[in-house]
Amino acid sequence: HSTLLQHSSELSYNAEKLQNEYDALIHHADDIGLPLKHYDDVDRLGVSVGILFKNGVVVRGIAKVKVDNGVEFQNVLDSLDEAIAFFERRSNAAAAANAAS
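Predicted model, so just to flag it, every value in this text is computed and none were measured.

Caption draft 1: Region of interest: the environment of Val71. Position of Val71 relative to the elements: it lies in helix H2 (residues 70–100). For Val71, a relative accessible area of 59% corresponds to the exposed category.

What follows is the structure in structure tokens.
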């Protein structure tokens, strides 16, 4: 029995270690993916509202998002608000790190 208990204990320890590594990797993947999502939201904004910039000139086009569709328009505004808040937090953290050094 002692061999089985020792083996069971080792398996439990390794399972817990793997779970912790999995959680860390998931957190790391979220950290990597979040900025990409926000960059994408900002990149799509011009096309969504029908305003593009080409060579420093504003080019107006047909908006893909209609302001009449409250839900769709609100989703675009919400994603933009999230992106702004994310980049503001990142900028403030960088400024604080620079000030500390």
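Moving on from the coordinates now.
Caption draft 2: Focus on the packing of helix H1 (residues 2–49) against H2. Between H1 and H2, the shortest axis-to-axis distance is 9 Å and the interhelical angle comes to 125°. As summarised for this structure, H1 and H2 are arranged oblique, according to the angle between their axes. Note on packing geometry: the crossing formed by H1 with H2 is left-handed. Together, Leu34, Pro35, Lys37, His38, Tyr39, Asp41, Val42 and Leu45 of H1 and Val76, Ser79, Leu80, Glu82, Ala83, Phe86, Phe87 and Arg90 of H2 make up the contact between the two elements.

Caption draft 3: Region of interest: the pairing of strand S1 (residues 51–54). For S1 and strand S2 (residues 57–60), the ladder comprises four bridges, and the chain directions are antiparallel. Counterpart to Ile51 in the pairing with S2 is Arg60. The hairpin formed by S1 and S2 contains two residues between the paired strands, and Asn55 there has a positive phi angle of roughly 55°.

The rules behind the values
Residues numbered from 1 in each chain as written. Predicted model: local features only at pLDDT ≥ 70, side-chain atom pairs only at ≥ 80, totals over all residues. Heavy atoms only, no water. Helix = DSSP H or I, 4+ residues; strand = E, 2+ residues; numbered from the N terminus. Buried < 20%, exposed > 50% of the residue type's maximum accessible area, 1.4 Å probe, protein only. Axes fitted to C-alpha atoms, helices over the stretch in contact; angles between N-to-C directions. Parallel < 35°, antiparallel > 145°, perpendicular 65-115°, else oblique. Left-handed = near helix turned anticlockwise from the far one by under 90°. Contact = heavy atoms within 4.5 Å. Pairing = 2+ DSSP bridges.

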